[in-house]
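As a plain string of letters, each chain reads:
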Amino acid sequence: MADEAKKVVKRTFGVREEEPEFIPNKSMVLQAVRGTRDILPKVQQKWSFVEGKFEQYAKLAGFDKIEIPILEREELYVRSTGKDTDIVSKEMFKIEKREADAESIVLRPEGTPGIVRAFIENGLYTQPMPVKLFYFGSMFRYDRPQAGRFREFKQFGLEVLGDADAAADVELISMVWKIYNEIGLKNLAISINSIGCKTCRPAYTKGLVEYLTQYKKELCPDCIERTKRNPLRVLDCKVEACQSVLKGAPQTTEMMCADCKKHFEEVQKYLNELGIPFELNRNLVRGLDYYSRTVFEIAAKDSEGAQSALGGGGRYDEMIESFGGPKTAALGFAGGIDRIIHKMVEQKIETEEVEQDSVCIVQLGDIAKTICLQIQQELWEAGIHTVTAFGKPSIKAQLKLGNKKGSKYAIIVGQREAIDNSVIIRNMKEGVQETASRKTYLAKIKKNLGL
Ligand code: HAM
């Protein structure tokens, strides 16, 4: 038997396969669209790990998965995210209209308005409240690409529809805190603020505009414009001159109505009782119009600037009713997965490699190919991962591939084995081989793999 095996090795391993180095013709190669990128197999493990953590906690907390379309009506965001926000006024990708009277369709820039549309359209409000939903998906914003800012990026989202209690805000913040810590991220900070509700915000906005108007000359051009269209956004302007003007500006929390005040005090009380560290950031307003009461963000303290937020969310108690749904308090959060992965790399956070045992199936000749295709099916049915390269004519090249892919064993079927109804089982590490019949090979492989 050993001699027979050796012979096979000699008979088949002498074939050399040259793989010349390929140099791409740059003038013919197309590149990914600006602001988009490929998430290559070598980083998929990190992505799966992060998405897995989100999904694990979402399910632990009773959230159900939902998928909504990437294409939505532009009006959906105009009426919720807000027509004067950067996202809606400057950053939406519009789909070319096929007919002159067609509605304006865009690529979704965020998930929340689509979730609210789906909640109303599918009558999810008839289910017991709160309805808790989670989702993953690409979002699209036509912004200037830079580190941590893409035109297509992935979010993980959590939405709680039908819960007005401050404890629901803290449930969500505590989940976010837990998930980001379990991912292994360091130096995390949660910032929170309350921006009041439709009862108290108009008076606050009026006071803010009056204040900002006095300092018009010192504000950056964007903030002069924001003062007219979206005054709350001046609060989170990063320009130094605007920051110093803001030092004396009225604060949202000073003018809040009694209900909003109580709600915000309760949020802070629960956070303190749970021992979740947070910072009060009076200037945190977030760039979306639909928020009311609590808004929050999570960031790593070792990042600075507008791209530092690793996720953000808040309440949107008025949105569902404004879309014709029943009055339903709601809140949610979205994490930026691209930024989380980037931060993990920066902070040198490794994920554990999950090694999959595989078997390399090696064939020589047409009859052997048919047998190998059958063997592959049998291995799949036994839950064994396979490595194949049917287009490689040499056994050596096929074994080389198996080695590179980390296969523990190879099953070799040459012309002789095809006729004998047998296979060669090769231990890839030790180079030892044995012959087995087609009837017994699977049991042997399973035993060898400890299955
Ligand atoms: P957002 O703050 O616009 O909120 O986005 C959430 C997260 O997505 C950000 O904190 C950031 O990590 C990531 N992100 C945003 N823009 C980009 C970009 N251009 N490139 C890479 N990552 C980005 C929302 O989208 C709300 N829908 C969150 C929410 C859910 N509020 C209530 N429910």
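Just above sits the structure.
Computed from a predicted structure; not experimentally measured. (Residues numbered from 1 in each chain as written. Predicted model: local features only at pLDDT ≥ 70, side-chain atom pairs only at ≥ 80, totals over all residues. Heavy atoms only, no water.)

Student: Is there a simple way to think about the pattern of salt bridges in this case?
Tutor: If charged atoms from side chains of opposite charge come close, those side chains can pair. Applying the stated criterion across every chain yields a total of 27 salt bridges. Glu103 is the partner of Arg73 in a salt bridge, and the nearest nitrogen-oxygen pair spans 2.5 Å. With Arg73 in strand S2 (residues 71-73) and Glu103 in the loop between helix H4 (86-90) and strand S3 (105-107), the pair connects residues that are 30 residues apart, well separated along the chain. Judged by its relative accessible area of 41%, Arg73 falls in the partly exposed class. (Salt bridge = Lys/Arg side-chain N within 4 Å of Asp/Glu carboxyl O. Helix = DSSP H or I, 4+ residues; strand = E, 2+ residues; numbered from the N terminus. Buried < 20%, exposed > 50% of the residue type's maximum accessible area, 1.4 Å probe, protein only.)

Student: So what exactly am I meant to see when it comes to empty space enclosed by the protein here?
Tutor: Enumeration over the complete set of coordinates arrives at one cavity of 30 Å³ or more. Roughly 30 Å³ of volume is contained in the largest cavity. Surrounding the largest cavity, Tyr204, Leu235, Leu246, Ala249, Pro250, Gln251, Thr252, Arg282 and Asn283 form its lining. Looking at side-chain class alone, the lining of the largest cavity contains five nonpolar, three polar and one charged residues. (1 Å grid on protein atoms, 1.4 Å probe; cavity = no way out; pocket = protein on both sides within 12 Å on 5 of 7 lines; lining within 4 Å. Points joined across faces, edges and corners; volume = space filled by probe spheres on them. Nonpolar A, V, L, I, M, F, W, Y, C, P; charged D, E, K, R; others polar.)

Student: Which parts of the structure should I look at to understand a nonpolar patch on the surface?
Tutor: Taken together, the side chains of Ile70, Leu71 and Ile95 make up a nonpolar region of the molecular surface, amounting to roughly 240 Å² of accessible area. The residue Ile70 is located in the loop between strand S1 (64-65) and S2 in this model. The exposure class of Ile70 is partly exposed, given its relative accessible area of 36%. (Patch = residues over 30% accessible without salt bridge, like charges linked within 9 Å, V, L, I, M, F, W, Y side chains within 5 Å. Areas by Shrake-Rupley, 256 points an atom, 1.4 Å probe, with all protein chains shown as cover.)

Student: Help me understand the sheet that holds strand S14 (residues 422-427), please; the structure alone is not making it clear to me.
Tutor: Either a parallel or an antiparallel arrangement is found when strands of a sheet pair, and the pairing is made through backbone hydrogen bonds. What the five strands build is an open sheet, ordered S12-S11-S13-S14-S15; its pairing is mixed. The open sheet has two edge strands, strand S12 (385-387) and strand S15 (433-437), and neither has a second partner. Taken pair by pair, the neighbouring strands of this sheet meet at an average axis angle of 30°, ignoring direction. Two elements, strand S13 (residues 409-413) and S14, share four bridges in a ladder whose sense is antiparallel. Residue Tyr409 lies in a different strand from S14, and its bridge partner there is Asn427. (Pairing = 2+ DSSP bridges. Axes fitted to C-alpha atoms, helices over the stretch in contact; angles between N-to-C directions.)

Student: Teacher, can you tell me more about the sheet that holds strand S9 (residues 309-315) here?
Tutor: Strand order in this open sheet of eight strands is S1-S4-S5-S10-S9-S8-S6-S7, and the pairing throughout is mixed. Two strands bound the open sheet, and with one partner strand each, they are S1 and strand S7 (279-280). Bridge count between strand S6 (residues 188-194) and strand S8 (residues 292-300): seven bridges; the pairing is antiparallel. Looking at S8, one finds that Ala189 is bridged to Ala299.

Student: Is there a simple way to think about unusual backbone geometry in this case?
Tutor: Excluding glycine, residues mostly have negative phi values, and the peptide bonds linking residues are mostly trans. Of the consecutive residues Met129 and Pro130, the connecting peptide bond is found in the cis state with omega at 0°. By secondary structure assignment, the location of Pro130 is in the loop between helix H5 (112-121) and strand S4 (131-140). Even without glycine at this site, Arg286 takes up a positive phi of about 65°. Despite not being glycine, Asn421 has its phi angle at roughly 60°, a positive value. Here Asn421 shows up in the loop between helix H15 (415-420) and S14.

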